[in-house]
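A look at the structure
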Amino acid sequence: AHGFQLSERAVTVRQCLQADATAGNRTLFVSNLEPGTREDWLRKLLGVFGDLDFVEQGGHGGVFARVGFSEAEGALAAASLLQGRVQSSG
């Protein structure tokens, strides 16, 4: 799992295990988001790594999300490069 700072929160990005999602290694789990984080902000942040199939937010205020990439390479790049790189929310 990789983390980055979002406001005062340490946000974690990790690849979903096969048991977590049918998309397997193309899906990331993003947790500890600031309540109210918008889907379009997540799409803008993660979309630079590749085409997104879906963004599914959950928890009260959307504090976690499953993000599915079209290609595994995009998910791998996002998981490895986001560590310590994001400083503000959208």
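Before reading on, note that the structure itself is shown above.
First things first, this report covers the structure right here in the doc. (Residues numbered from 1 in each chain as written. Predicted model: local features only at pLDDT ≥ 70, side-chain atom pairs only at ≥ 80, totals over all residues. Heavy atoms only, no water.)

**Focus: the nonpolar core**
- In terms of nonpolar packing, the biggest core is built from 18 residues, with Leu28, Val30, Leu46, Val67 and Phe69 touching the most fellow members.
- For this core, the secondary-structure elements that each account for two or more residues are β2 (9–15), β3 (27–31), α1 (39–47), β4 (52–58), β5 (64–69) and α2 (72–81).
- No other element matches the four residues that α1 contributes to this core. (Core = buried A, V, L, I, M, F, W, Y, C linked by side-chain atoms within 4.5 Å. Buried < 20%, exposed > 50% of the residue type's maximum accessible area, 1.4 Å probe, protein only. Helix = DSSP H or I, 4+ residues; strand = E, 2+ residues; numbered from the N terminus.)

**Thoughts on α1**
- Buried within α1 we find Trp41, Leu42, Leu45 and Leu46. Down the axis of α1, the smallest arc covering the buried residues is 115°, so these residues share one side. (Arc of directions from axis to C-beta.)

These results come straight from atomic positions and should not be treated as a statement about function.
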